[in-house]
Amino acid sequence: MNIQRNQFLSIEQLTDSYLQDAKKSQRPENEKAVSFGQILEDKSRSITQGSVLKFSKHAASRLSTRNIELSDNQVMRLQDGCQKANEKGIKDSLVIVDKLAFIVNIPSSTVVTAMDQSETNNNIFTNIDGAVIV
């Protein structure tokens with residue numbers, strides 16, 4: 001068997017080669033390491049804060065037929081109530097803002113129905129698993 005010189009790398013050459021590759025794959029010093037938990041928290045925060053509250057056709061119809069007009073402040077409080085419900089793990093929530101009651105599907109950020117005080121006479125709400133009073 002005839003082995004030619006320089007056909008195989010020496011241990012030193014291999015070590016240098018692998019160490020240089022390892023140095024290339026390291027992050028630059030100005031780039032900060034971020035944990036998976038931090039990324040997950042940032043994403044979930046942006047999702048809950050950035051989610052726009054939607055109104056279903058039924059809820060929009062109810063608002064229209066009942067002559068309910070929401071102020072910007074009420075919409076903001078409704079969104080805040082939805083965010084609080086989300087933090088508690090509520091899926092379908094009753095959110096009460098002033099004298100208005102809203103049933104909201106929290107995962108989809110969708111208002112399912114809306115009613116004012118005159119229609120909550122019985123004070124019975126079904127198919128919810130939590131309530132938020134804002």
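For clarity, every value in this text was computed on a predicted model and none was experimentally measured. Starting from 1, residues in each chain are numbered consecutively following that chain's sequence as written. The predicted nature of this model means local features are confined to residues of pLDDT at least 70 and side-chain atom pairs, given and counted, to a pLDDT of 80 or more, with totals for whole chains, interfaces and linings taken over all residues. Hydrogen atoms and water are omitted, and side-chain values are computed over all heavy atoms in the structure.

A. Summary view of the environment of Phe55. Secondary structure is summarised from DSSP: a helix means a run of H or I of at least four residues, a strand means a run of E of at least two, and numbering begins at the N terminus for each. Looking at the secondary structure, you find Phe55 in strand β1 (residues 54-55). Relative accessible area decides the class of each residue, using a 1.4 Å probe on protein chains only: under 20% of the type maximum gives buried, over 50% gives exposed, and in between gives partly exposed. Using a relative accessible area of 32% as the deciding quantity, one classes Phe55 as partly exposed. The spatial distance from the C-alpha of Phe55 to the C-alpha of Ala114 is 9.4 Å, given a sequence separation of 59 residues. Two residues qualify as a contact provided that any one of their heavy atoms is within 4.5 Å of a heavy atom in the partner residue. Those residues in contact with Phe55, other than ones at most four positions away along the chain, are Leu63, Leu70, Leu78 and Val111.

B. The pairing of strand β2 (residues 92-97), seen in detail. Between any two strands, at least two bridges found by DSSP are needed for them to pair. Looking at chain direction, β2 and strand β3 (residues 100-105) are connected through 6 bridges and run antiparallel. Across the sheet, the residue bridging to Leu94 is Ile103, located in β3. Taking the residues between adjacent antiparallel strands as the criterion, β2 and β3 are bridged by 2 residues, where Asp98 takes a positive phi near 55°. Pairing of β2 with strand β5 (residues 130-133), which is carried by 4 bridges, proceeds in the parallel orientation. Opposite Ile96, over in β5, you have Ile133 as the bridge partner.

C. Fine view of the pattern of salt bridges. Within this document, salt bridges are pairs made up of a side-chain nitrogen of Lys or Arg and a carboxyl oxygen of Asp or Glu, the two lying within 4 Å of each other. Counted under the stated rule, the structure contains 2 salt bridges. The partner of Arg77 in a salt bridge is Asp98, with the nearest N and O atoms 3.0 Å apart. On the criterion of sequence distance, the pair formed by Arg77 in helix α4 (residues 72-87) and Asp98 in the loop between β2 and β3 is long-range, its members being 21 residues apart. Residue classification places Arg77 among the partly exposed positions, given a relative accessible area of 21%. For Asp80, the salt bridge identified is with Lys84, shortest N-O distance 3.5 Å. Here the residue Asp80 and the residue Lys84 both occupy positions in helix α4, the gap between them amounting to 4 residues, near one helical turn.

D. Structural context of the pairing of strand β4 (residues 110-116). Of all 7 residues in β4, 6 are buried; the element is thus mostly enclosed. By the bridge criterion, 2 bridges tie β1 to β4 in an arrangement that is parallel. Within β4, the position partnered with Phe55 by the bridge is Val111. With 6 bridges joining them, β3 and β4 adopt antiparallel strand pairing. Paired with Leu100 across the strands is Asp116, a residue of β4. The hairpin formed by β3 and β4 contains 4 residues between the paired strands, and Ser109 there has a positive phi angle of roughly 50°.

E. Fine view of the side chain of Ser56. With respect to the helices and strands, Ser56 occurs in the loop between β1 and α3 (57-65). Among the polar contacts listed, one links the side chain of Ser56 to the backbone nitrogen of Ala59, at a separation of 3.1 Å. Each residue touching Ser56, except ones within four places of it in the same chain, is listed here: Thr110, Val111 and Val112. We call two N or O atoms a polar contact when they sit within 3.5 Å, provided that within protein one can donate a hydrogen and the other can accept it, with sequence-adjacent residues counted only if both atoms are side-chain atoms.

F. Spatial organisation of the nonpolar core. Side-chain atoms within 4.5 Å link the members of a nonpolar core, which is a set of buried Ala, Val, Leu, Ile, Met, Phe, Trp, Tyr and Cys residues. Ranked by size, the top nonpolar core spans 17 residues in total, and within it Leu53, Leu78, Cys82, Val95, Phe102, Val104 and Val111 carry the most contacts. Listed by contribution, the elements that provide at least two residues to this core are α3, α4, β2, β3 and β4. Look past the residues within four positions of Val104 in its chain and what remains in contact with it is Leu53, Leu78, Cys82, Lys91, Asp92, Ser93, Val95, Thr110, Val111 and Val112.

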